[in-house]
Structure formats: C-alpha cells, structure tokens
Amino acid sequence: MIKDFKIYKKNFTVATMILVAVAMTGCAKKETQIVQQEQSIEQDQNQDGKTYYSTYDEEQQEFIWEEVPEEEIQNINEDVVAEDEVMEDGNRYIATSQAFGYVAASKNETKKEAIENNPQFKDDTLFLTGFDQGKQDRYLELASEEHRQYVAIREHQEPTSMMEETYYYPLEELHVVSYIGENAVVWNTTEEQVKAGDYQDLLGKDMSAYIGQDYMIESLRNFAAKHKYEIPDGIYLESGNFRKIPEITGDTFIKQNDFTTAKTK
C-alpha cells in the first residue's frame, strides 16, 4: 500500500516528505477536500538505502516521512508497523497503522466508513487514533480556509468505544433548544421543526418527552457566552476563533438555562 501513496518532497528535501491520501477510497458525507500544495513529483534515485518512518509533525500538523538513522531502525516497535516496503528508489519506507488512519480521514467522514474501506485495520486502535487526529486536523484546515469556527461534538466525554464518532459543525449553524431542566444542541433546525419535535439532539439525548412543552431557542455561541464558565470550552465558543475547535459532549453540557431560571423563580 505504501507504493500507492504519492510522495511529495517538502521544501525540496529528501528527509521530510508528506503522505498524501490516494490509496483510501470512499465517499465522505460532505465533500471536504484537504487542499494540497501543488508540487512536482520527482523520483529520488538515491541508492544509499535510506530508511524513512511515518512521523507526525506537531508543528505542521501532518504526517511526514522522517529519515531514521540505521542504528535506530531496530528500536522501531514492530507491533505498530502496518507496511514496510523498499521502493524503486532503493529507499525503505515504514508506515504505522496510525499514519494510515490519519490518511483515511481525508477520504472518509466516519470511522465506520474508514474501516469498511480499509478492512485490514478492523479493531486496530492505532488506526482509529490516527483517524481521529487526521479528522481534527482536516477541520482545522477547513476552518482556516473558511475563516469560521468548527465545533467538535460527541456523545461521551470519555468515549465508550474506539468506534464512537466525533462530528464537526460550523458554530454559526448550531443552536440550543432549552426546556425546563434540559438543553438540546441542534444543527440547521428551524423553529417549526422544534415545535413538531422533528429534530435530533446532537449530544445523543432522547428529547421526545419534551415535545409540546414550552421552550427557548438561541445560537450556541450566545448560549455559551452566558454560561462560558459552566460549559467546558465555553470561552472558546464565545470567541468564535477559527484557530480553535471547541469540544462539547453530552456528558459535560449543562442542563441549566435562562428559561429554567425564569420559570422556577
């Protein structure tokens, strides 16, 4: 599978190259593409037999090929290696399942899709960890391109399984529907839908018992501004800074709201 990766030289050096996803297949629910810098592909004919290892670059927020000195190759944990291949250029490339998961996040919106399209990584926790990392970086890049903040939403603060999904939504498209003693977070939902109970709480709660009751609806950003110290990442939600992806979960989102306070006085 390594041979199916396009190898781009970064800054025209050999030691650092970007992994670009072309081997992974599958349709994302939303057509979101990672913008790749246009560079010419050039085969390196170096026959020194150098070894490169897939490594995450924290500063650049991407997986890269990093040259591994000969004396350090034996220290690589074989349990994390997914592919080990000598290419036509005479160099050896070692990629972890985490790197493959990271790349899969550019072509698949959910872990379920990523596993369906890459069944060899079924039950591989490192692959799923890489997928989460790649998906977050993809939305950070998208947020920077669009100059708007995205919010990460999942049901549990501590996922109950590695397959639990995290979804990303533009902040301005999220609202909070407040009832006495409960709040739902909704996406692109009209007031008519709320009245009819035709909506889904993104935090995973069953809101059917509240259909027909009095309610309030406001933007998540405004709601967070009022409760920024009670909601984890509330300060970031209030700021709307696109360089930060706040996270909210069903376990940590508050039940208190202005509607509850007004009705119980």
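Now for a description of the structure that goes with this document. (Residues numbered from 1 in each chain as written. Predicted model: local features only at pLDDT ≥ 70, side-chain atom pairs only at ≥ 80, totals over all residues. Heavy atoms only, no water.)

1. Focus on a negative patch on the surface
A cluster of like negative charges, contributed by Glu66, Glu70, Glu71 and Glu72, occupies part of the molecular surface. When residues of the negative patch are assigned to their parent elements, the largest contribution, 3 residues, is made by helix H1 (residues 70-73). For Glu70, the location among the structural elements is in helix H1. (Patch = residues over 30% accessible without salt bridge, like charges linked within 9 Å, V, L, I, M, F, W, Y side chains within 5 Å. Areas by Shrake-Rupley, 256 points an atom, 1.4 Å probe, with all protein chains shown as cover. Salt bridge = Lys/Arg side-chain N within 4 Å of Asp/Glu carboxyl O. Lys, Arg positive; Asp, Glu negative; His and termini not counted. Charge placed at Lys NZ, Arg CZ, Asp CG, Glu CD. Helix = DSSP H or I, 4+ residues; strand = E, 2+ residues; numbered from the N terminus.)

2. Digging into the pairing of strand S7 (residues 150-154)
Among the 5 residues that make up S7, 5 are buried, leaving the element largely enclosed by the rest of the structure. Residues Tyr150, Ala152 and Arg154 point to one face of S7 and Val151 and Ile153 to the other, with burial holding for every one of them. Across 4 bridges, S7 lies against strand S8 (residues 167-170) in antiparallel orientation. Paired with Val151 across the two strands is Tyr169, which belongs to S8. Of the pairings in the sheet, the one linking S7 to strand S12 (residues 247-249) comprises 3 bridges and is parallel in character. Residue pairing for S12: Ile153 is matched across the bridge by Ile248. (Buried < 20%, exposed > 50% of the residue type's maximum accessible area, 1.4 Å probe, protein only. Pairing = 2+ DSSP bridges.)

3. Description of the packing of aromatic side chains
One pass over the structure, following the stated rule, counts 13 aromatic pairs. With a centroid separation of 5.1 Å and 65 degrees between ring planes, the pair formed by Phe63 and Tyr102 is classed as edge-to-face. Placement of the pair is Phe63 in strand S4 (residues 62-68) and Tyr102 in helix H2 (residues 97-104), with a sequence separation of 39 residues. With relative accessibility at 4%, the residue Phe63 sits in the buried group. With a centroid separation of 5.6 Å and 25 degrees between ring planes, the pair formed by Phe223 and Phe253 is classed as stacked. Taken together, the positions of Phe223 in helix H6 (residues 220-226) and Phe253 in the loop between S12 and helix H8 (258-264) put the pair 30 residues apart, joining distant regions of the chain. There is no split in this pair, since Phe223 and Phe253 are both buried. (Phe/Tyr/Trp six-rings, centres within 6.5 Å; stacked < 30°, edge-to-face > 60°.)

4. Examining the sheet that holds strand S11 (residues 216-219)
Spatially, S10-S9-S11 is the arrangement adopted by the 3 strands of the open sheet, whose pairing is antiparallel. The strands lining the two open edges of the sheet, one partner per strand, are strand S10 (182-187) and S11. Neighbour to neighbour, the strand axes of the sheet diverge by 25 degrees on average, direction disregarded. Note: strand S9 (residues 174-179) against S10, 6 bridges, orientation antiparallel. When the bridges of S10 are listed, Tyr179 appears paired with Glu182. (Axes fitted to C-alpha atoms, helices over the stretch in contact; angles between N-to-C directions.)

5. Looking at the sheet that holds S8
Across the sheet, which stays open at both edges, the 3 strands sit in the order S8-S7-S12 with mixed pairing between neighbours. With partners counted over all chains shown, the strands left at the sheet margins are S8 and S12, one partner each. The average angle at which neighbouring strand axes cross in this sheet is 30 degrees, direction not considered.

6. Digging into the nonpolar core
One finds Ile153, Leu174, Val185, Leu220, Leu237, Ile248 and Phe253 to be the most contacted residues of the largest nonpolar core, which totals 17 residues. Every element with two or more residues in this core is listed here: S7, S9 and H6. When residues of this core are assigned to their parent elements, the largest contribution, 3 residues, is made by H6. If near-sequence neighbours (up to four positions away) are discounted, Leu220 is found in contact with Leu171, Leu174, His175, Val176, Leu237, Ile248 and Phe253. If you look at the next biggest cluster of nonpolar residues, it comprises 13 residues, including Tyr52, Ala114, Phe127 and Leu128. (Core = buried A, V, L, I, M, F, W, Y, C linked by side-chain atoms within 4.5 Å. Contact = heavy atoms within 4.5 Å.)

7. Overview of the environment of Lys111
One can find Lys111 in helix H3 (residues 111-117). Looking at Lys111, the relative accessible area reads 3%, which means it is buried. A sequence separation of 53 residues divides Lys111 from Glu164, and the C-alpha atoms of the two residues are 8.1 Å apart. Among residues more than four places away in sequence, those in contact with Lys111 are Leu128, Phe131, Asp132, Met162, Met163, Glu164 and Glu165. There is a polar contact of 2.6 Å between the side chain of Lys111 and the backbone oxygen of Met162. (Polar contact = N/O pair within 3.5 Å; in protein donor to acceptor, adjacent residues only side chain to side chain.)

Honestly, that's just the spatial picture; any functional story needs more than this.
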